[in-house]
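Survey of secondary and tertiary structure
Read off the chains here:
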Amino acid sequence: AKVTEPVYYIYTKILSLLSSGNLIIYVIATTTIIYALYSIAIVRLSYKFDLDEQSRATYLIAGLTLCITFTLTNHLIRQYIASAIFILFAYYAYENKWRKTLLAALAATLTHNTIIIPIALIMVATIISRQTSRKSNFFIAPLSILASGFIGNWLIKLLSSEHDILSLNDGSISIITLFFDVFCFIGLLV
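Below or above, wherever it landed, is the structure these notes cover. (Residues numbered from 1 in each chain as written. Predicted model: local features only at pLDDT ≥ 70, side-chain atom pairs only at ≥ 80, totals over all residues. Heavy atoms only, no water.)

Topic: the pattern of salt bridges
- Within this structure, the stated rule accounts for 2 salt bridges.
- We note a salt bridge from lysine 48 to glutamate 95, for which the minimum N-O separation is 3.1 Å. Of this pair, lysine 48 sits in helix α2 (residues 23-48) while glutamate 95 sits in the loop between α4 (77-94) and α5 (98-109); the two residues are 47 residues apart in sequence, bridging distant segments of the chain.
- Taking the relative accessible area as the measure of exposure, lysine 48 reaches 39% and is therefore partly exposed.
- With a relative accessible area of 21%, glutamate 95 lands in the partly exposed category. (Salt bridge = Lys/Arg side-chain N within 4 Å of Asp/Glu carboxyl O. Helix = DSSP H or I, 4+ residues; strand = E, 2+ residues; numbered from the N terminus. Buried < 20%, exposed > 50% of the residue type's maximum accessible area, 1.4 Å probe, protein only.)

Below, the structure is given as structure tokens:
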């Protein structure tokens, strides 16, 4: 964790003091936090979407099995915690609870800096969705997506000089995966 990601340091310090550094408690607590945050956000969203009981159950099971890889919850700890907070951010944004939205955005970003990109994209999508003309959205959306990507990348570079997602090539993440993620997110945004 970088200096610009203090939430993880605070979390591990508190947990270490409470558990006397017990690794098993750390693993259980971390996994529980990740799944609990996702569950809370998914359940709240499913009620806001006024889904029937079967759809809510399907939505929850799909969210907890397709969005999270159980074996990686203690490998990609900061990323998963940040993404779980991001789901809460999306819920609060949907609810127009702006203080909680900004608090969740800040907490997620201070957990893992790269989450700033989807946060910026959601904020742009929120602004675009408030436009009255669908035709203007058709032209604004692609420009906003591009601008958000560049602004997010610039913010990540500003926060941490050794992390440049546009030139990531550590062998563990294929460039195809990055493009697939971008296309999926753009599709969902549109």
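Topic: helix α1 (residues 6-19)
- Across its 14 residues, α1 extends 20 Å between first and last C-alpha, which sits within 8% of the 20 Å expected from 1.5 Å per residue.
- Every buried residue of α1 is accounted for by Tyr8, Tyr11, Leu15 and Ser19. Buried residues of α1, seen end-on, are gathered within an arc of 65° and therefore sit on one face of the element. Seen from the open side of α1, the exposed residues pointing more than 90 degrees away from its buried face are Ile10, Lys13 and Leu17.
- Contacts from the buried residues of α1 go to α2 and α4.
- Among the residues trailing α1, serine 20 stands out with phi positive, at a value near 55°. (Expected span 1.5 Å × (residues − 1). Arc of directions from axis to C-beta. Contact = heavy atoms within 4.5 Å.)

Some points on a nonpolar patch on the surface
- Nonpolar side chains collect at one region of the surface, where Ile10, Ile14 and Leu18 lie side by side and expose about 330 Å² of accessible area between them.
- Mapping leucine 18 onto the fold places it in helix α1.
- On the accessibility criterion, leucine 18 (71% relative accessible area) is exposed. (Patch = residues over 30% accessible without salt bridge, like charges linked within 9 Å, V, L, I, M, F, W, Y side chains within 5 Å. Areas by Shrake-Rupley, 256 points an atom, 1.4 Å probe, with all protein chains shown as cover.)

Comments concerning the side chain of threonine 109
- One can find threonine 109 in helix α5.
- Residue contacts for threonine 109: discarding those within four places in its chain leaves Thr4, Ile115, Ile116 and Ile119.

Points about the packing of aromatic side chains
- With the rule as written, the count across this model stands at 6 aromatic pairs.
- Ring geometry for tyrosine 11 versus tyrosine 26: centroids 6.3 Å apart, planes at 35°, classification tilted. On the criterion of sequence distance, the pair formed by tyrosine 11 in helix α1 and tyrosine 26 in helix α2 is long-range, its members being 15 residues apart.
- Given a relative accessible area of 16%, tyrosine 26 falls into the buried group.
- Following the ring pairs from residue to residue traces out a cluster consisting of Tyr8, Tyr11 and Tyr26. (Phe/Tyr/Trp six-rings, centres within 6.5 Å; stacked < 30°, edge-to-face > 60°.)

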